[in-house]
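Listed here are the chains, written in short residue letters.
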Amino acid sequence: MLGYVKLPRLVPLFPRDLREAVQLREENPDAAYLAGGTCLIPLLKSGAYRTGKLIDLSRLKELRYIRVGEGVIRIGALATHADVANSTALRPINAFQNFTKSYTSPVVMNSATVGGSIATASHTEDLIPILLALNTELTLLTPDGDRLTVELEKYIKEYDRLKKHLILEAAFKLPANGVLCDFEKLALGISRIPLSSVAVKVELERRRISGATVAVAQVNGTRPGRVREVEELLKGREITEELIGEAANKLKQSISPPEDTQASSWYRRELAATLFKRIMRRLVEHG
Ligand SMILES: Cc1cc2nc3c(=O)[nH]c(=O)nc-3n(C[C@H](O)[C@H](O)[C@H](O)COP(=O)(O)OP(=O)(O)OC[C@H]3O[C@@H](n4cnc5c(N)ncnc54)[C@H](O)[C@@H]3O)c2cc1C
């Protein structure tokens, strides 16, 4: 296997528990955590990321779960994308149904983990806009063995400071009745990386929006984030086709997606607005 993918020489380290995992990272600052390897292994293979040591998390089975209790859904960092797709707890949330429907590779889905997605803090990850829209909090384990709770939004904003910590869990409130959350993405067949993806959560009282969170994969370059300007515009307003159009225009003005060989920044802005409108119309139908 190693011969085929031409990986550089790597020393695997196998922590027996969470404390040992962070200690190994502290003792080997150049080592990387390895979860499903679907992101890291291609980077090592291409030389875009270099390290001589990998801290293999795959034996830390206590991090693989999806639990519901007291109105909160808790997802362990080693829960796979397939676990998310198959979870009966997550199925009622439309966003996760669309995550599953639009997934590009069933093989990758079985290995890729929720913690691995979050730790990239990147526009490549479908789960990040969904978890942002759901106001997710992360539990991190610091090198000293302390547990730190931080909002996913803050984790992304302060990524350079927080990325050294081990992600243990992502948790969010189970949406109450009348709270709808949905997700849309568009990816070209030639690429697994979406051109754009959007997640929206709205709280509807009859046709009035009492609260909304809007998250886009590429808010600022390749960084995902919330679009507060749109959330503020929606709040307290009656949902109509005019409002959806107004909010979509605001979304276009508020984000600055990257420009690359697949799409211009202008195209990605238009696309994000279109995906947003699609979600909002569906939410109205369901609501
Ligand atoms: C062909 C293909 C198709 C794909 N299709 C999709 C798709 O349709 N939708 C989608 O959302 N994604 C998709 N992906 C993206 C991929 O699934 C993610 O990059 C993946 O979730 C990363 O998780 P992993 O467990 O494989 O992470 P790894 O590759 O093991 O690690 C990724 C990064 O996270 C760090 N890390 C891992 N776990 C932790 C932790 N617990 N704490 C701190 N740091 C950690 C690692 O050190 C590394 O820097 C696809 C990828 C491929 C290759």
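None of these values were measured; they are calculated from a predicted model.

Definitions and cut-offs
Residues numbered from 1 in each chain as written. Predicted model: local features only at pLDDT ≥ 70, side-chain atom pairs only at ≥ 80, totals over all residues. Heavy atoms only, no water. Near = heavy atom within 4 Å. Polar contact = N/O pair within 3.5 Å; in protein donor to acceptor, adjacent residues only side chain to side chain. Areas by Shrake-Rupley, 256 points an atom, 1.4 Å probe, with all protein chains shown as cover. 1 Å grid on protein atoms, 1.4 Å probe; cavity = no way out; pocket = protein on both sides within 12 Å on 5 of 7 lines; lining within 4 Å. Sits in = over half its atoms within 2 Å of the grid points. Helix = DSSP H or I, 4+ residues; strand = E, 2+ residues; numbered from the N terminus. Nonpolar A, V, L, I, M, F, W, Y, C, P; charged D, E, K, R; others polar. Domains from an automatic or database assignment. Points joined across faces, edges and corners; volume = space filled by probe spheres on them. Contact = heavy atoms within 4.5 Å. Buried area = accessible area lost by both parts, 1.4 Å probe. Salt bridge = Lys/Arg side-chain N within 4 Å of Asp/Glu carboxyl O.

Glancing now at the site of the ligand. The local shell around the ligand holds 29 residues, among which Y33, G36, T38, T104 and T113 are the closest. A distance of 2.8 Å is found between an oxygen atom of the ligand and a backbone nitrogen or oxygen belonging to G37. Protein contacts shield 90% of the accessible area of the ligand, which totals 990 Å² for the unbound molecule. With respect to the detected pockets, the ligand is housed in the largest pocket. Every element with two or more residues in the shell around the ligand is listed here: β2 (32-34), α7 (114-120) and β8 (166-173). Of the residues forming the shell around the ligand, the biggest block, four residues, is contributed by α7. In the shell around the ligand, the residues fall into 14 nonpolar, 11 polar and four charged. Among the domains, domain 1 (2-56) and domain 2 (61-173) are the pair contributing at least three residues each to the shell around the ligand.

Within this model, the largest pocket holds a volume of roughly 1000 Å³. The wall of the largest pocket is formed by 44 residues, among which C39, L40, G116, A119 and T120 lie closest to the centre. Listed by contribution, the elements that provide at least two residues to the lining of the largest pocket are β2, α3 (40-46), α7 and β8. Here the lining of the largest pocket gets five residues from one element, more than from any other, and that element is α7. Here the lining of the largest pocket is built from residues that sort into 24 nonpolar, 13 polar and seven charged. Of the pockets and cavities examined, the second largest pocket occupies roughly 270 Å³.

Its domain assignment divides the chain into domain 1 (2-56), domain 2 (61-173) and domain 3 (179-286). Centre-to-centre, using C-alpha coordinates, domain 1 lies 20 Å away from domain 2. Between domain 1 and domain 2, the residue contacts involve 12 residues of the former and 19 residues of the latter. A buried area of about 1100 Å², summed over both sides, lies between domain 1 and domain 2, and 70% of it is on carbon and sulfur atoms. In terms of surface lost to domain 2, no three residues of domain 1 exceed L18, V22 and T38, which account for 45% of the buried area on that side. Scanning the region where domain 1 abuts domain 2 turns up zero salt bridges.

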